[in-house]
Amino acid sequence: MHQINRQGISSLSNTQLEDVIAEIEQAIEWHQSWYKNLLRCLIADTPANEQDLADNAHNFCRFGQWFNKLPDQTIKLHPHFSEIASAHKKMHQGAKVLLSLKESKTVIPVNLLDQFHADLDRLRELFDCLIDEFTEVLHTRDPLTGASNRTNLLENLQKEHELCKRKSLSCALIMIDLDHFKQVNDEFGHAAGDKVLIALVKCIKSQLRKYDQLYRYGGEEFLVCLPQTELDDAKSFSERLRAGVEALKIDISNDNHINVTGSFGVTLISADDNIETAIERADEAMYQAKKSGRNRVCVA
Ligand SMILES: Nc1nc2c(ncn2[C@@H]2O[C@H](COP(=O)(O)OP(=O)(O)OP(=O)(O)O)[C@@H](O)[C@H]2O)c(=O)[nH]1
């Protein structure tokens, strides 16, 4: 099975992902009834649909029309989608050849029929694969902030830890918790609080490398995993992040800006650690940062 480039998907919103899934599900259904109709033409000699006999038949079906009108280049240029587009075109062209042979009363060679069915199966496989992958992204992502949720956290960190161990490299964890966040909600409302969380994640993401991981660990608590990172580097990275969060001017309504700060707990996942213990250590370091005045980085 094909794996989709996760980088491409991560820039799509949940709504975009849901829309794509709905469209693909409809495309599957549409092609199923289209296929039944094709068999009626080929076997029971009912009249063929003119559009199915066109060279660009793939542009006329519901999926083809949707795909061609897609405004979003992120989706359209996605590697998996371009594969679907060419499989879809190939399948419709195969159907057109079968229908043309039938129209000219020529016996359809079995290899052409087999090839058509293989192309149809391939298209279905690509549709299914895309739905699975997009659904998984939806299930593993926090809908508010777009950070990963905790579904695969332990499994992913375990994999990262194993990889780093094999290469004798360090892997750092940073627990981040907003300071006095309840006050933000109480004073400016929950919607403003949500904007703060979104701004925080945007700020963190802007500083991550592409192989770093960011999880929403709790309400206003986030966990960052920095693979191949030594403690000193993780500490200075956290310091930069802390300063970046402090400098944020978050627009909560009609040019009403607020500032927030966060407390940071940093630790390394040592070779003989289990992941839960390392997370607890990062959490303890973060609480240490809270106790010693907030808006600071502590290391454990
Ligand atoms: N707006 C919004 N608030 C949330 C969300 N999840 C959790 N919260 C709020 O986060 C606040 C966390 O409050 P506390 O645990 O008391 O922590 P705090 O006020 O940040 O205080 P310290 O952590 O001690 O600095 C609560 O008011 C929760 O309602 C969310 O998704 N959106």
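Values in this document were obtained by computation on a predicted structure and should not be read as measured data.

Cut-offs used in this document
- Residues numbered from 1 in each chain as written.
- Predicted model: local features only at pLDDT ≥ 70, side-chain atom pairs only at ≥ 80, totals over all residues.
- Helix = DSSP H or I, 4+ residues; strand = E, 2+ residues; numbered from the N terminus.
- Rg over C-alpha atoms; globule rule 2.2 N^0.38 Å.
- Buried ≥ 20, exposed ≤ 12 C-beta atoms within 10 Å, placed from the backbone.
- Contact = placed C-beta atoms within 7 Å.
- Axes fitted to C-alpha atoms, helices over the stretch in contact; angles between N-to-C directions.
- Parallel < 35°, antiparallel > 145°, perpendicular 65-115°, else oblique.
- Nonpolar A, V, L, I, M, F, W, Y, C, P; charged D, E, K, R; others polar.
- UniProt positions renumbered as here; feature names shortened; annotations may be inferred.
- Near = placed C-beta within 6 Å.
- Expected span 1.5 Å × (residues − 1).
- Arc of directions from axis to C-beta.

## Describing the overall build of the chain
At step 1: Scanning the chain from terminus to terminus reveals eleven helices and seven strands.
At step 2: For 300 residues, the compact-globule estimate of 2.2 N^0.38 gives 19 Å, and the chain exceeds it by more than 25% at 26 Å.
At step 3: Sorting the 300 residues of the chain into buried and exposed places 29% on the buried side.
At step 4: Taking as baseline every contact in the chain between residues at least 6 positions apart, the subset at least 24 positions apart corresponds to 68%.

## Description of the packing of helix α2 (residues 14-44) against helix α3 (residues 62-69)
At step 1: Taken N-terminus to C-terminus, the directions of α2 and α3 make an angle of 150°; their axes are 9 Å apart at the nearest point. The pairing of α2 with α3 is recorded here as roughly antiparallel in orientation. Facing α2, whose interface residues are Glu 23, Gln 26, Ala 27 and Trp 30, α3 presents Arg 62, Phe 63 and Trp 66.
At step 2: In terms of residue class, the contact of α2 with α3 is built from four nonpolar, one polar and two charged.

## What about the UniProt feature "domain: GGDEF" (unreviewed entry) in the chain?
At step 1: In the numbering used here, UniProt assigns the feature "domain: GGDEF" (unreviewed entry) to residues 169-300.
At step 2: A distance of 18 Å separates the end C-alpha atoms of residues 169-300, which is 45% helix and 27% strand.

## Section: the environment of His 80
At step 1: Summarising the element assignment, His 80 is placed in helix α5 (residues 79-103).
At step 2: On a C-alpha basis, the gap between His 80 and Asn 37 in space is 28 Å, while along the polypeptide they are 43 residues apart.

## Overview of the site of the ligand
At step 1: In the region of the ligand, 16 residues are neighbours, and Asp 179, Phe 181, Lys 182, Gly 193 and Gly 219 sit closest.
At step 2: Contributing elements (two or more residues each) for the shell around the ligand: β1 (171-178), α8 (181-188) and α9 (190-207).
At step 3: If one sorts the elements of the shell around the ligand by residue count, α9 sits on top with four residues.
At step 4: Considered class by class, the residues forming the shell around the ligand number four nonpolar, five polar and seven charged.

## Quick look at α9
At step 1: For α9, which comprises 18 residues, the first-to-last C-alpha distance of 26 Å matches the rise-based estimate of 26 Å (1.5 Å per residue) to within 8%.
At step 2: Buried within α9 we find Gly 193, Val 196, Leu 197, Leu 200 and Ile 204. In a view along the axis of α9, the buried residues occupy a sector of 100°, so they form one face of it. Opposite the buried face of α9, at more than 90 degrees from it, the exposed residues are Ala 191 and Ser 206.

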